[in-house]
Amino acid sequence: MFVAKKHIARRTFLRGAGVTLALPLLESMVPAFTPSRLTAAAPVRRFVGIWHPHGAAPGYWSPLQEGKNFEFSYITKPLEPFRNRVVLISGLDMPEAMATTEEPGGDHARGAVLLSGARPRRNAVSPFLGITIDQHIARKYGQETILSSLQLGVEDAGNYGNCNWGYSCAYTNSISWSSPTAPLPTQVNPRVVFERLFGDGASPEERLRDRQRNASILDAVVGQLSAFKTSLGAGDKARVDTYVDTIRELERRIRIAMDNAVKEPDGDVPFGLPQNRHEHFRLMYDLMALALEGDITRSITFMLGRDLSGASFPESGFTGGWHGTSHHGDKPENIANYAKVNRYHVQNLAYFCDKLSKIPDGDGSVLDHVLIYKGSNMGNSHRHAHEKVPVILAGGLDGGFKGNRHLAFPDNTQRTSNMLLSLMYLYGIEMDRIGTSNGRLQPLELV
């Protein structure tokens, strides 16, 4: 229970000159002597879906022990500090991404299966999939937020034509679909994302002038902010100051990244992409943390790359290209190098979890009130196998979702679409099926 003398509405915003600044949860937003579950401090259910291409190095991902107190594998080891908020799942298949006799090939064209559980229609002109779970969650929990959902990435999506074996590029450009025929565009520019989170929908011309002035968005609301803080208690003042400092620091980093941007093509493109890919990842994770902290959105998707990505990650300890390295030829040395790439991306996830764990939210942290699903549409990518795909779940959902579990299923018995159906159940969204699901993955629901 929180006790406060003054009650401020949770949906309080400061507005000014093209800026809408959402505020973090403050003690003043909780009525005095009111149980937390009946106030703004009641847990908010949030979702983050993270997709990575090219599966995981065999033998380096799945823990050897099942159940509780398992030993983290080489790839998942960075998540060990968050054991009590981590569930690893082994043995799930993604049959909707598999090639068939009628539809051969196209193994790198079905990434959108991750959150839909549906088989993509092989059509380069009229893509058809299914509503993804992030959009179901957005419809239920995103009606009171500035953005119902947010779609992020780090690699430019390119065109929407024929990408692979007659499949639309939409299946590799977006993992978030608001309807079976409506893939949502993925934003890869940190500055544009920043303005979307904190702007108020001004015209492109006005936003361009703001960028050219290179002024902080907070300058537009600094007067209101000072007046707003006068009535707050010491704890809330410190919380607002920390939140604002975080925004300013992120702005500074984005400016530096943009000053060193990759040369962009001629045309009406306001900014390029950060030249340093590692900084790009961290900026995007920081932006997601801010969006969740300010309750700007409760549903986010993040694409770490696109199928056939040639990106390299020197910070992993190996410099080979992503797709090329994933075709390890079953050679031990190559597999070990690919495991380093996989581990690097889990390290970034651990960075995100750490940030969320340090943001107070109600009776816990934001990490306690979010569920992060990180997965891929492949298992052993050298074999283009869509079996035994890697699944990581992190967070507490509503504070009650139990971590410290490794769920391992016998080969060819369960599919990821069943897991998606169980996730919908955990979010209080009753559905008979999602995609090609044939039942819930009920061991996941046990607490």
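Here the structure is shown first, and the text comes after it.
Residues numbered from 1 in each chain as written. Predicted model: local features only at pLDDT ≥ 70, side-chain atom pairs only at ≥ 80, totals over all residues. Heavy atoms only, no water.

Mind laying out helix H2 (residues 133-141), listing which residues take part and the relevant values?
Most of H2 is tucked away: 7 of the 9 residues are buried. Listed as buried for H2 are Ile-133, Asp-134, Gln-135, His-136, Ile-137, Ala-138 and Tyr-141. Those residues of H2 hidden inside the fold are in contact with strand E3 (46-51), helix H1 (113-116), strand E6 (150-153), strand E9 (177-179), strand E11 (299-303) and helix H11 (416-426). (Buried < 20%, exposed > 50% of the residue type's maximum accessible area, 1.4 Å probe, protein only. Helix = DSSP H or I, 4+ residues; strand = E, 2+ residues; numbered from the N terminus. Contact = heavy atoms within 4.5 Å.)

Tell me what's going on with the side chain of Thr-325, and back it up with residues and numbers.
Tracing the sequence through the fold places Thr-325 in helix H9 (residues 322-326). Excluding its chain neighbours within four sequence positions, the residues that come into contact with Thr-325 are Phe-318, Gly-320, Asn-337 and Tyr-338.

Could you give me a rundown of the sheet that holds E6, with the residues and numbers involved?
A sheet is described by the order of its strands in space; here 7 strands give the open sequence E6-E11-E3-E14-E15-E4-E16, paired in mixed fashion. On the outer flanks of this sheet lie E6 and strand E16 (405-408), each paired with one strand and no other. Here the average twist between neighbouring strands, direction ignored, is 15°. One ladder, built from 6 bridges, connects E3 with strand E14 (residues 370-375); its direction is parallel. For Gly-49, the partnering residue across the bridge sits in E14 and is Tyr-373. Lying over the sheet, H2 contacts E3, E6 and E11, oriented at roughly 155° with respect to E11. (Pairing = 2+ DSSP bridges. Axes fitted to C-alpha atoms, helices over the stretch in contact; angles between N-to-C directions.)

Before we move on, could you go through the pairing of strand E15 (residues 391-394) and cite the residues and values that matter?
Neither face of E15 is left uncovered, since the one carrying Val-391 and Leu-393 and the one carrying Ile-392 and Ala-394 both have all their residues buried. Strand direction decides the pairing type here: strand E4 (residues 86-90) and E15, joined by 4 bridges, are antiparallel. The residue bridging Leu-88 from the neighbouring strand is Ile-392, located in E15. As paired strands, E14 and E15 are joined by 4 bridges and run antiparallel to one another. Residue Gly-375 lies in a different strand from E15, and its bridge partner there is Val-391.

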